[in-house]
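# Observations on chain architecture
What follows is the residue order along each chain.
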Amino acid sequence: MLLQKNKLLNIIITSILVWFTYAFLELRFNQRINAINDLELIIGRSANLTASWIGTQEVEKDIPILILAGHADSQGLAGAGTSGEAVDKYGENPMNPEISDELFWNLKLQESIVKVGKKRGLNIRSYDPGIRNIDDPNDPRTNWSVGKKFAENGGYAIEIHFDSYGKYGVGSGLIPPVFEVPNKIDESIARKFGRFPVLFRGGLGAPKRQIRILEIGKLEGSLEKNLRNIKTRQKTIKLLSNEIIQAFFNGMNNLSFSSNLMHYEEDTFVPEIYL
Ligand SMILES: [Zn+2]
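Residues numbered from 1 in each chain as written. Predicted model: local features only at pLDDT ≥ 70, side-chain atom pairs only at ≥ 80, totals over all residues.

Per the secondary structure count, the protein chain includes nine helices and five strands. Tracing the protein chain from N to C terminus, the helices and strands come up as α-α-β-α-α-β-α-β-β-α-α-β-α-α. Buried residues in the protein chain amount to 40% of all 275 residues. Looking at the protein chain alone, contacts between residues at least 24 apart form 78% of all its contacts between residues at least 6 apart. (Helix = DSSP H or I, 4+ residues; strand = E, 2+ residues; numbered from the N terminus. Buried ≥ 20, exposed ≤ 12 C-beta atoms within 10 Å, placed from the backbone. Contact = placed C-beta atoms within 7 Å.)

Structure representation (structure tokens):
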């Protein structure tokens, strides 16, 4: 009887200990999540490049928006996107062996941005070529061809990317279109994520087709860990989506940005003839 009583006592004490340990861990986890609830802490540093363009063009509130996932049609080619620090440097398994980790996250984020945007009433959609390897960038099914057409019809096309890790990447930021005056959505996104010069790397394929590029951040360190960790993944993707959608709204609602930046002529849009 005494032995049984002791046993019961042991069970009770162990249960209480387990409960306290669980509560403590849960608290620590939530604290950590709250601590990363700051965009810069999550995405890392923005690009430290000389870029002084300012988005000044007004935007219609119901402007059609197209979200593209970078490298969705260039797997297996030179431009498959970064495999990220975890895979490349630390030998972890890719998220999906058939595509680069960058594309894996680009697709996840693309889906989430459109979902959040639709919920908040934006005229927003996505395009995914489905075919993961299209050799000709001008094939009508590529991101760039569809995005170009979309932009020509007055829409706002933007391709999302994660940048390479370490010295191979630059950081977060927006690359504006090459042949167009950047608009207030560009400005709003750049104020959150940072800005790249218009002619970054001599003018990339997408911006030359009037498709914006948004580098979310380098696929490394805590950003990549928060994406890979199943406990923080959804929260991280949702947070990034919310920030991007909020930037769209800020640009459309014409929030007066305190503008004390100088406007340099060499970093504004360039007529097509110069390229
Ligand atoms: Zn990329």
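Moving on, we get to helix α5 (residues 143-152). Of all ten residues in α5, seven are buried, a share of seventy percent or more. By the burial criterion, the buried members of α5 are Asn143, Trp144, Val146, Gly147, Lys148, Phe150 and Ala151. Contact partners of the buried residues in α5: β1 (65-69), β2 (124-127), β3 (156-163) and α7 (205-208). One or two residues past the end of α5 sits glycine 154, with phi positive at roughly 95°.

Moving on, we get to the sheet that holds strand β5 (residues 212-218). Read from one edge to the other, the open sheet built from five strands follows the order β2-β1-β3-β5-β4, with strand pairing classed as mixed. If you trace the sheet from one side to the other, it starts and ends with β2 and β4 (173-175), each paired once. The sheet shows a mean angle of 25° between the axes of neighbouring strands, direction not considered. Judged from the five bridges that link them, β1 and β3 form a sheet pairing that is parallel. The residue of β3 that forms the bridge with isoleucine 67 is isoleucine 158. Seen against the sheet, helix α6 (residues 184-193) touches β3, β4 and β5 and runs at an angle of roughly 150° to β4. (Pairing = 2+ DSSP bridges. Axes fitted to C-alpha atoms, helices over the stretch in contact; angles between N-to-C directions.)

Right, let's get into the packing of α6 against helix α9 (residues 233-252). In the contact formed by α6 and α9, the axes pass within 8 Å of each other and the chain directions differ by 135°. The angle between α6 and α9 falls in the class oblique. The handedness of the crossing between α6 and α9 is right-handed. Between α6 and α9, the contacting residues are Lys184, Ile185, Glu187, Ser188, Ile189 and Lys192 on the first element and Glu243, Ala247, Phe248, Asn250, Gly251 and Met252 on the second. Considered class by class, the residues forming the contact of α6 with α9 number five nonpolar, three polar and four charged. (Parallel < 35°, antiparallel > 145°, perpendicular 65-115°, else oblique. Left-handed = near helix turned anticlockwise from the far one by under 90°. Nonpolar A, V, L, I, M, F, W, Y, C, P; charged D, E, K, R; others polar.)

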